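Per-entry structural report
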Amino acid sequence: MPEVTATPAREPDGRTDRIARRTLLGVVGAWTAGGLGVALLGLTGRGATAAAIPVPTHDPRLHAILTGAASPAATGTPRPATGAGHDQVHEAVTKAFPAKTQGQGLQALPSSIVNGARQFDLVCEQIKWEVTPGNVVDAYAYNGQVPGPIMRVTEGERVRVRVTNKLDDSTAVHWHGQRVKNEVDGVPFITQPPIKPGETYTYEFTARPFGSHMYHSHHNATAQVGGGMLGPLLVAPKDPGVDPRYDKDELFIFNDSLGGLTINGKGFPATAPYTAKLGQRIRFRFMNEGQLIHPAHLHGLTLEVFARDGYPLPQPFRCDTLNVAPGERWDAIVVADEPGVWAFHCHILGHAEGSAGMFGMVTALIVSA
Ligand SMILES: [Cu+2]
């Protein structure tokens, strides 16, 4: 059985795992001392600015983030000096990664079998969410977390989801990638009335096809999905033999509204690093719930891409930069065959590094010997 760690290097209370942090700094320290010339990420800066809901792309603060001008002007932080002063800023934030923040998304969603269906409960709430240290924004959330909790089902299983709306606004849930009957597709005024504040609405469908899918709001979606109402719906194949073998199962979800540019609900340096032991095979499930494309670039190792939107590819392919468009899911295996701290970031540079250094969609894959 694969080891399932959807949110790496986190403790149950939502704070970043100190062990992982020690591991990172230990690895870096050892390499630096060993003279291996490791150019660790220029990890610095705080990319995300507080952004109220809704956050359309014409929001000047968001525009500043997206164009890379975010750092000094939009955040109010002083423009760093060039030369040695600039290096000091980089070094300070490098050592802050992974920075602690409150709140952790992608927790396992409990279920129970009721009347022959696997039953889940989702509660829609408006919460405060800490994206980067001190950057607390208004969020829309499922079960108090961003992204929402992980729903795991098996192909062919009957699924029942009871959605309780505690928002001030109406909502609805769409099962992105699932071949459901039309009436449970989750689009207000096409397939159902909106779920009003205070109401509970029940969806029931048979899980198919298998693969990496998503659930998200389909009502006032720019604000609600952008604000955090999204989560993974992972459908295991009835025949596990159709999946490649893997030791760890990881989610990598892009979003680009809530508090800026995020991976799994956090912006650098508060993103969680992924960890692996030398030789392990890691399954990455890339998802884009934002409004912009985000090419995921992994340094040093190879992505072996085997599925798109849950569907197995006729021929897997290898790459190091995988473009993930809004709504898409891509599955890839990474064989952790080279130890080190490998930068892992969106390669639209304005989503990852500004004049104050790294921010937003940056994390690392730490392979320990
Ligand atoms: Cu990007």
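Residues numbered from 1 in each chain as written. Predicted model: local features only at pLDDT ≥ 70, side-chain atom pairs only at ≥ 80, totals over all residues.

Thoughts on the overall build of the chain
A tally of helices and strands in the chain yields five helices and 23 strands. For the chain, the proportion of its 369 residues judged to be buried stands at 47%. (Helix = DSSP H or I, 4+ residues; strand = E, 2+ residues; numbered from the N terminus. Buried ≥ 20, exposed ≤ 12 C-beta atoms within 10 Å, placed from the backbone.)

Examining the pairing of strand β8 (residues 200-206)
On β8, burial follows the alternation: Tyr201, Tyr203 and Phe205 on one face are buried, whereas Thr200, Thr202, Glu204 and Thr206 on the facing-out side are not. Sheet topology places strand β6 (residues 158-165) next to β8; seven bridges connect them, and they run antiparallel. What sits directly across from valine 161, in β8, is tyrosine 203. (Pairing = 2+ DSSP bridges.)

Focus on unusual backbone geometry
For the bond from phenylalanine 97 to proline 98, the omega torsion is -5°, close enough to zero to count as cis. Secondary-structure assignment places proline 98 in the loop between α4 (84-96) and β2 (112-114). Across the junction of arginine 208 and proline 209, the peptide omega takes the value -5°, indicating a cis bond. Looking at where proline 209 falls in the secondary structure, it is placed in the loop between β8 and β9 (211-217). Positive phi values are uncommon outside glycine, yet aspartate 309 reaches one of about 50°. Structurally, the position occupied by aspartate 309 is in the loop between β16 (303-308) and β17 (311-319). When the 17 C-beta atoms within 10 Å are taken as the criterion, aspartate 309 is described as partly exposed.

Brief notes about the sheet that holds strand β13 (residues 274-277)
Strands sit in the order β13-β23-β20-β15-β18 across an open sheet of five strands; the sheet is mixed. Strands with a single pairing partner mark the edges of an open sheet, and in this sheet they are β13 and β18 (321-324). On average, each strand axis in the sheet is tilted by 20° relative to the strand beside it, whichever way the strands run. Sheet topology note: the strand β20 (residues 340-346)/strand β23 (residues 362-368) ladder contains six bridges and is antiparallel. Across the sheet, residue valine 341 finds its bridge partner in β23, namely isoleucine 366. (Axes fitted to C-alpha atoms, helices over the stretch in contact; angles between N-to-C directions.)

Some points on the sheet that holds strand β7 (residues 173-176)
Across the sheet, which stays open at both edges, the four strands sit in the order β5-β10-β9-β7 with mixed pairing between neighbours. Where the open sheet ends on each side, the last strands, each with one partner, are β5 (151-154) and β7. Neighbour-to-neighbour, the strand axes of this sheet turn through a mean angle of 25°, independent of strand direction. Note: β7 against β9, four bridges, orientation antiparallel. Residue tryptophan 175 lies in a different strand from β9, and its bridge partner there is tyrosine 215.

What about the environment of asparagine 135?
Along the chain, the position of asparagine 135 falls in strand β4 (residues 135-142). C-alpha separation for the pair asparagine 135 and glycine 267, spaced 132 residues apart in sequence, amounts to 9.7 Å.

Details of the environment of glutamate 338
Following the sequence through the fold, glutamate 338 ends up in the loop between β19 (329-335) and β20. Sequence separation between glutamate 338 and isoleucine 366 is 28 residues; the distance between their C-alpha atoms is 9.8 Å. Excluding anything up to four places from it in sequence, glutamate 338 contacts Gly300, Leu301 and Val367. (Contact = placed C-beta atoms within 7 Å.)

Quick word on the environment of histidine 218
Looking at the element boundaries, histidine 218 is found in the loop between β9 and α5 (221-226). Sequence-wise, histidine 218 and alanine 172 are 46 residues apart; in three dimensions their C-alpha atoms are separated by 5.6 Å. Discounting chain neighbours no more than four positions away, the residues touching histidine 218 are Ala172, His174, Gly186 and Val187.

Some details on the nonpolar core
Counting 80 residues, the largest nonpolar core has Val163, Phe286, Val334, Trp342 and Leu365 as the members making the most contacts within it. For this core, the domains that each give at least three residues are domain 1 (3-101 + 243-368) and domain 2 (112-236). (Core = buried A, V, L, I, M, F, W, Y, C linked by C-beta atoms within 7 Å. Domains from an automatic or database assignment.)

Let's talk about the confidence of the model for the chain
Of the residues in the chain, 77% reach a pLDDT of 70 or more, and the chain-wide mean stands at 83. Between residues 1-78, whose pLDDT stays under 50, and residues either more than four places distant or in other chains, the model counts 183 contacts. (pLDDT = per-residue confidence, 0-100.)

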